[in-house]
Each structure stands twice: as structure tokens, then as C-alpha cells.
Amino acid sequence: MALSMASTTVFAAARDYISIVGSSTVYPFSTVVAERFGKSTGNPTPKVESTGTGGGMKLFCSGVGSENPDITNASRQMKKSEFEMCQENGVKDIIEVQVGFDGIVVANSKESPLMKLTRKDLYLALAAKVPGADGKLIDNPYKTWKEVNPTLPATKIEVLGPPPTSGTRDAFAELAMEGGAKKFADLAALRGSTDEAEIKSLMAKLGIPAGAFNAKGKKIFQAVAQAIREDGPYIEAGENDNLIIQKLEANHDAMGIFGFSFLDQNSDKVQGSIIEGIAPEFDTIADKSYSVSRPLFFYVKQAHIGVIPGIDGFLAEFTSEKAWGEDGYLAEKGMIPMPAALRTEVGANVLNQKPMTADGLH
């Protein structure tokens, strides 16, 4: 106990503000909550950094103590491997807080024609390997949108998107790229198979090397579907979504991938493509009819609550109806509120500081 008290004293003295890292998508929401919390309580305004979801998880899971962040934002759920990394480094009790929903948009300048795409179009435009004429996977040959789909314009495929450390990239790969790859019968069959003979037969049919075998066909499917091409059409644009919007303004032929809130805040400059007949809008993301949408989270170290001052107050502010409710100030910023029952459940978990488990993590 004496050791614990001594470390707590040093810990508390080392930092008097909340440190938050993580997702560029959650960053603007977290920042506005931080500013409101600082103004209303007189506490130092929390420091919020946009490091990307993956980068934030590495920092968050590095250990307990004031040299490590208290909270990490995430535009996808924590991975099982990240949870295990946290546990190994002494970050034992983690509170998972789902805060709302967001859509991933594929946008272009309002000076350009509105694009009407499918997830299959996005897979064919951006995947490293796609099925060729004989069904075998080949290096992606497509250079223009018209080559992908004759109904699309003959403009060069040029998509500005997030890097591998981004939760938006992870979610786009899962929701859009996998969704498109499933439109091909052999890839869909591979995804659903756990039969060794069938998996090997499908691998041979698709031209996947035998060395890539996995007893779960879904793992092989994901490796194919989620691999984004590196020959030019996809351009990694960092974690700054505002920079992507600036580049779309400068290059009217380019497309950009980012969260709905950035579209909502820049609707005078850019427009979101219609995907499978549905436009990315507040209501279509809320009712999940827009296919490329995902939940947003942040994660908190229970060990830091009551030691780093103000964390409990920040949590109370973020999970208040005035913030995350249907008419809250985060909805005004473009975050899609969760249903009332889910808000109540998550809010109770936060109030009771209920730690998460690895159950259901991938």
C-alpha cells in the first residue's frame, strides 16, 4: 500500500491535465468535449492529439503512469492483439466507451460530377489484386474509373486516403473492400469455407499460392480483399483529413476517403459519392442503410481515474445528453448519436467504471 501511495503521489504530481491520443475521425469530437470541459470546470483543457487509431493504441498500451496517455480515441473497436499488448504492459482495466456512429465517405470536389459507386467498384479500383478474365487473381490493371465500370467517367483513378495506422483505413478495408470482393463468387465461397479441401481448391482456382493456406478461408479472403494497391492510384495522405479536403479542392479529378463529419463540416467544398444508391447523410448512417458506416469509441485507463485530475469529469461531459444526445452538440459536429437505450447502457458502464473483456474482439 505504501508503494502504491508513493507511486500515486509521483504520478499525480507529474501531470495535471488529461492526455488523449488516437483517431483523427474522433479527434474533432474529443476536442470540442475537451474545450467545453475546460471552460465549464476550470480544469486544464485536456490535450488531444491526432495520431491515428493504430498509433494511439500503441501509445495507450505502452503502460500505466503519467508518461503514458489516459485515453485513446478509436474509429474502430480495439483489436484482440491490442488488448493483449495492453495487458502485457500492465494496462489491465480498460473502460470501452462507444460514443456514436460515423460514415466513411468517398468524396470529390463539388466542381466535379457526383460519383455513383458500388463497393464492387471500390474494390476493383483500389485492391492490389483483382480477378482477371479467367477468374485468377492478377495485379490490378485498372487505371480509370471507366475501366472499372463502363457507367463511370474516364477519369484517372486517384484516391487520397488514410495510412495503415488509421482506423478509417481499417474500417474502409472491412466495410467497402471486403463488401466489394464478396461480389465475386469464388472469393465469397473462400470467405465462408472452413473445409480444408475446398479452401485449397478455391486457392488453386484463384491462383493464390499454396503457402498462404489457412484453415479459415475467411483469413485468406481478408488478406486478398483488404490489400490496397501500391502502384499509384491510392495515395496515402496521412492522418490529417482537412489536408485531404484541401487537395480535393486543388485537384478536381481526385477522390478522398474520410469520415462523414469532415464532409458535413465542408459541404460547401466537397460532396460524398452515392454508394449502392444511398447518399452519406445523417439519417442514412443512423439507420445503417448507408453501407460504409461504423461505430466510434474511446478507451480509458481505470488506473488513471482519480489520479490524473478531471478524467471522471471529462467522462461525465462526453456521456451527457447535452454532448452525445440526439440534439447534443456532437450531433451538430456530424457525429451520429447512438439509440437512447445504448447510450444508457454505455453511460452506466462508464459510471460504474466497468472494465472491458477480450470477448468479441477480433
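Just so it is clear, the model here is predicted, and its values are computed rather than measured.

K.L.:
Talk me through the state of the cysteines; I want residue IDs and the actual numbers.
P.N.:
Going through the model one piece at a time under the given rule, you end up with 1 disulfide. The disulfide that involves Cys61 links it to Cys86, with 2.0 Å between the sulfurs. Handedness here is read from the sign of the S-S torsion; for Cys61 and Cys86, about -70 degrees, the answer is left-handed. Of this pair, Cys61 sits in the loop between α3 (53–60) and β3 (71–74) while Cys86 is found in helix α4 (residues 80–88), placing the two residues 25 residues apart along the sequence. Neither Cys61 nor Cys86 differs from the other in exposure class; each is buried.

K.L.:
If you had to explain α3 to someone new, which residues and values would you point to?
P.N.:
At 3.6 residues per turn, the α-helix brings residues three or four places apart onto the same side. α3 sits mainly inside the fold: 6 of its 8 residues count as buried. For α3, every residue scored as buried is listed here: Thr53, Gly54, Gly55, Gly56, Met57 and Phe60. In the core, the buried residues of α3 are packed alongside β1 (19–22), β3, α4, β4 (94–109), α7 (167–181) and β13 (293–301).

K.L.:
Residues and numbers for the packing of helix α8 (residues 185–192) against helix α10 (residues 217–226), please.
P.N.:
α10 packs onto α8 with a crossing angle of 135 degrees between their chain directions and a minimal axis gap of 6 Å. With respect to α10, the axis of α8 lies oblique. Between α8 and α10, the residues in contact are Leu187, Leu190 and Arg191 and Gly217, Lys218, Ile220, Phe221 and Val224, respectively. When its residues are assigned to classes, the contact of α8 with α10 shows 5 nonpolar, 1 polar and 2 charged.

K.L.:
How would you explain the pairing of β13 if you had to name every residue and give the values?
P.N.:
Of all 9 residues in β13, 8 are buried, a share of seventy percent or more. Judged from the 4 bridges that link them, β3 and β13 form a sheet pairing that is antiparallel. When the bridges of β13 are listed, Asn73 appears paired with Phe298. Inspection of the sheet shows β4 paired to β13 by 9 bridges, in the antiparallel sense.

K.L.:
Before we move on, can you summarise the pairing of β1 with the specific residues and values?
P.N.:
Burial of the side chains of β1 extends over both faces: Ser19 and Val21 are buried on one face and Ile20 and Gly22 on the other. Where β1 and strand β2 (residues 47–48) come together, 2 bridges link them in parallel fashion. Each residue of the ladder has a partner; that of Ser19, found in β2, is Lys47. Tracing the backbone out of β1, into helix α2 (residues 27–41) and back to the parallel element β2 gives a crossover that is right-handed.

K.L.:
Summarise the environment of Ala341; cite the residues concerned and give the values.
P.N.:
For Ala341, the location among the structural elements is in helix α17 (residues 340–351). Along the backbone, Ala341 and Phe262 are 79 residues apart, and their C-alpha atoms lie at a distance of 27 Å.

K.L.:
Before we move on, could you go through the packing of aromatic side chains and cite the residues and values that matter?
P.N.:
For any pair of aromatic rings, the description consists of the separation of the ring centres together with the inter-plane angle of the planes. A full pass over the atoms with the stated rule returns 6 aromatic pairs. Judged by centre distance (4.8 Å) and plane angle (40 degrees), the ring pair of Phe298 and Phe318 falls under tilted. Of this pair, Phe298 sits in strand β13 while Phe318 is found in helix α14 (residues 311–318), placing the two residues 20 residues apart along the sequence. For the pair formed by Phe298 and Phe318, the shared burial category is buried. Chaining the aromatic ring pairs together yields one cluster made of Phe37, Phe298, Phe314 and Phe318. Its guanidinium or amino end placed over the ring of Phe213, Lys200 lies 5.2 Å from that ring's centre, counting from NZ or CZ. The aromatic ring of Phe60 is capped on one face by Lys301, whose charged end is 4.8 Å from the ring centroid.

K.L.:
Tell me what's going on with helix α5 (residues 119–126), and back it up with residues and numbers.
P.N.:
When you tally the buried positions in α5, you get 7 out of 8 residues, the bulk of the element. Where α5 is concerned, the buried positions are Arg119, Asp121, Leu122, Tyr123, Leu124, Ala125 and Leu126.

Procedures and definitions
- Residues numbered from 1 in each chain as written.
- Predicted model: local features only at pLDDT ≥ 70, side-chain atom pairs only at ≥ 80, totals over all residues.
- Heavy atoms only, no water.
- Disulfide = S-S within 2.5 Å.
- Helix = DSSP H or I, 4+ residues; strand = E, 2+ residues; numbered from the N terminus.
- Buried < 20%, exposed > 50% of the residue type's maximum accessible area, 1.4 Å probe, protein only.
- Contact = heavy atoms within 4.5 Å.
- Axes fitted to C-alpha atoms, helices over the stretch in contact; angles between N-to-C directions.
- Parallel < 35°, antiparallel > 145°, perpendicular 65-115°, else oblique.
- Nonpolar A, V, L, I, M, F, W, Y, C, P; charged D, E, K, R; others polar.
- Pairing = 2+ DSSP bridges.
- Right-handed = clockwise from strand over helix to strand, strands pointing away.
- Phe/Tyr/Trp six-rings, centres within 6.5 Å; stacked < 30°, edge-to-face > 60°.
- Lys NZ or Arg CZ within 6 Å of the ring centre and 35° of its normal.

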